[in-house]
Amino acid sequence: MNYVAWSMLSSSASKPKNNEKQHIVVALGGNALLKRGEPLTVDIQRQNIRYGISSLSAVLRSNTVTFVHGNGPQVGLLALEGAAYQKQTGAIPMQLDVLDAETEGSIGYMLEQEIDSALGDEGCKRGVITMLSQIIVSPNDEAFNNPTKFIGPVYSLEEANKLGKPVKQDGQFYRQVVPSPQPIQLIDQQLTALKLLTKNDVIVICGGGGGIPVIFDPVSRRLTGIEAVIDKDRAACMLGKTLGADGLMILTDVEGVAVNKDKPDEKWIKSASPAAILELADNFPAGSMGPKVSSAIDFVQTQRDRWCRIGSLKDATSMLEGKAGTKLTNEHGTDHLEYY
Ligand code: ADP
Ligand code: MG
């Protein structure tokens, strides 16, 4: 399947030396912050974030951790607010890049408070900070010819035609679609800061919602935000490779990666090599498990001793002990595949 095959890119990042601790990039799924169907209130988000951070507290205490998180429902709410304003005044108040920045700020704020309360004095010593991350994408990315990511509210066909923006059918309605380009790199000034912070064991929340996609013009030296959404699992993988992280944990609302999901012969993968899981790519849809598996492959195959774990946020600690989740690893050879 082509979707997964893109990940055959490689990088040659060097490892930071953080005493004996491992450096883990933790990608928190949008569902970790807001379960499907739940009302989008701050109280509910805060409660979910508190629960998520408490199941991660053992991981946080014994490792250097960099967080990346999703923002689908939150950015959708802001788009709705913007649509209401536009209906009243005719003016579009915010572009998607600014909405992305807003959600990085609001979700980062809540994550910081919950991390602080989970770690206490240790959090004060180590430091916790949110970075409104700008991630460079290529203006020539093929995603710009084929926008696929749904954003914002649903419209009737008549309303959608008046939007003046690309739309696609989503069930019985129509929604705006934006491109989902590959993340190339965090902008230089932020990358320098992120490397310094991580080296000093600071917990950084970055690349939220996949980061703010920007295009860099080398002639004018200007960064311009664009109407696009970077997949947060791909952003987490890219950041992990750049920082030379040891591990990538992709935490979502299912116990791991399955083959024949929701069918009578459903099986859950315990561990696999990148090549073995790539053979099963037809099991991983582009809108959900596909980017997680392709990011996992991309991360693991670029350095022999790297690992990636995909599983449920509530199992974060037992995943690290090898008792839950799906592990991608090179340690058992190229054809390795083990089921629960
Ligand atoms: P997140 O917000 O964490 O990125 P996604 O909805 O994108 O969550 O991906 C997680 C979802 O992927 C699960 O809820 C699950 O239903 C779905 N899924 C699709 N195919 C598979 C598969 N083969 N194995 C496990 N989960 C799968
Ligand atoms: Mg997802």
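Residues numbered from 1 in each chain as written. Chains lettered and ligands numbered in written order. Predicted model: local features only at pLDDT ≥ 70, side-chain atom pairs only at ≥ 80, totals over all residues. Heavy atoms only, no water.

- An unreviewed UniProt entry lists the protein under the name Carbamate kinase, from Skeletonema marinoi.
- Here is the UniProt Sequence similarities (unreviewed entry) comment for the protein, exactly as written: "Belongs to the carbamate kinase family." (UniProt positions renumbered as here; feature names shortened; annotations may be inferred.)

### Some remarks on the overall build of the protein
Line of reasoning, step 1. For the protein, the count of helices and strands is 12 helices and 17 strands.
Line of reasoning, step 2. Computed over C-alpha atoms, the radius of gyration of the protein comes to 20 Å, within 12% of the 20 Å expected from 2.2 N^0.38 for 340 residues, which places it in the range of a compact globule.
Line of reasoning, step 3. C-alpha extents for the protein along the principal axes are approximately 55 × 50 × 45 Å.
Line of reasoning, step 4. The buried share among the 340 residues of the protein stands at 51%.
Line of reasoning, step 5. On the protein, roughly 15900 Å² of surface is accessible, and the fraction owed to carbon and sulfur atoms is 52%.
Line of reasoning, step 6. For the protein, the centre of its 34 positive side-chain charges and the centre of its 39 negative side-chain charges are spaced 3 Å apart. (Helix = DSSP H or I, 4+ residues; strand = E, 2+ residues; numbered from the N terminus. Rg over C-alpha atoms; globule rule 2.2 N^0.38 Å. Buried < 20%, exposed > 50% of the residue type's maximum accessible area, 1.4 Å probe, protein only. Areas by Shrake-Rupley, 256 points an atom, 1.4 Å probe, with all protein chains shown as cover. Lys, Arg positive; Asp, Glu negative; His and termini not counted. Charge placed at Lys NZ, Arg CZ, Asp CG, Glu CD.)

### Focus: the state of the cysteines
Line of reasoning, step 1. Tallied over the entire structure, the rule returns 0 disulfides.
Line of reasoning, step 2. Free of any disulfide, Cys237 has its nearest cysteine sulfur in Cys308, 8.2 Å distant.
Line of reasoning, step 3. What makes Cys237 buried here is its relative accessible area of 1%.
Line of reasoning, step 4. Residue classification places Cys308 among the buried residues on the basis of a relative accessible area of 1%. (Disulfide = S-S within 2.5 Å.)

### Looking at the nonpolar core
Line of reasoning, step 1. Among the nonpolar cores identified, the biggest contains 40 residues, and Leu194, Leu248, Val257, Ile277, Val293, Cys308 and Ile310 are the most heavily contacted of them.
Line of reasoning, step 2. Every element with two or more residues in this core is listed here: strand 1 (22–28), helix 8 (188–199), helix 9 (232–243), strand 12 (247–252), strand 14 (267–272), helix 11 (289–301) and strand 15 (307–312).
Line of reasoning, step 3. When near neighbours in sequence (up to four residues on either side) are disregarded, Val293 contacts Val257, Ile277, Phe284 and Ile310.
Line of reasoning, step 4. Ranked by size, the runner-up nonpolar core spans 26 residues in total, among them Ala32, Ile53, Phe67 and Ile205. (Core = buried A, V, L, I, M, F, W, Y, C linked by side-chain atoms within 4.5 Å. Contact = heavy atoms within 4.5 Å.)

### Describing the sheet that holds strand 8 (residues 185–186)
Line of reasoning, step 1. Taken in spatial order, the 4 strands make up an open sheet running 8-4-10-11, and their pairing is mixed. The sheet terminates laterally at strand 8 and strand 11 (222–225), the two strands that pair on one side only.
Line of reasoning, step 2. Relative to strand 8, strand 4 (residues 134–136) runs antiparallel, the two being bridged by 2 bridges. Note on strand 8: the bridge partner recorded for Ile136 is Gln185. (Pairing = 2+ DSSP bridges.)

### Some points on the pattern of salt bridges
Line of reasoning, step 1. For the coordinates displayed, the defined rule picks out 14 salt bridges.
Line of reasoning, step 2. The partner of Asp233 in a salt bridge is Lys292, and the shortest N-O contact between them spans 3.0 Å. Remark: Lys292 occurs in helix 11 and Asp233 occurs in helix 9; sequence separation between them is 59 residues.
Line of reasoning, step 3. The class for Asp233 is buried, based on a relative accessible area of 2%.
Line of reasoning, step 4. Residue classification places Lys292 among the buried positions, given a relative accessible area of 8%.
Line of reasoning, step 5. Linking Lys327 and Glu331 is a salt bridge whose minimum nitrogen-to-oxygen distance equals 2.8 Å.
Line of reasoning, step 6. Shared partners join several salt bridges into a network, and the residues in it are Lys21, Arg61, Glu122, Arg126 and Asp201. (Salt bridge = Lys/Arg side-chain N within 4 Å of Asp/Glu carboxyl O.)

### Overview of the site of ligand 1
Line of reasoning, step 1. Asn31, Thr252, Asp253, Ala258 and Lys292 are the nearest of the 19 residues found near ligand 1.
Line of reasoning, step 2. Asp253 is positioned such that a nitrogen or oxygen atom in its side chain is 2.7 Å from an oxygen atom of ligand 1.
Line of reasoning, step 3. At 3.0 Å from a nitrogen atom of ligand 1 is found a main-chain nitrogen or oxygen belonging to Asn283.
Line of reasoning, step 4. Of all the elements in the fold, those that place two or more residues in the shell around ligand 1 are helix 2 (30–33) and helix 11.
Line of reasoning, step 5. Here the residues of the shell around ligand 1 are counted per class, giving 6 nonpolar, 8 polar and 5 charged. (Near = heavy atom within 4 Å. Polar contact = N/O pair within 3.5 Å; in protein donor to acceptor, adjacent residues only side chain to side chain. Nonpolar A, V, L, I, M, F, W, Y, C, P; charged D, E, K, R; others polar.)

### Brief notes about the pairing of strand 12
Line of reasoning, step 1. Of all 6 residues in strand 12, 6 are buried; the element is thus mostly enclosed.
Line of reasoning, step 2. Of the two faces of strand 12, the one lined by Gly247, Met249 and Leu251 and the one lined by Leu248, Ile250 and Thr252 are each fully buried.
Line of reasoning, step 3. Examined bridge by bridge, strand 1 and strand 12 share 5 bridges and lie parallel to one another. Paired with Ile24 across the two strands is Gly247, which belongs to strand 12.
Line of reasoning, step 4. Relative to strand 15, strand 12 runs parallel, the two being bridged by 6 bridges. In the sheet register, Met249 faces strand 15, and the bridge partner there is Arg309.

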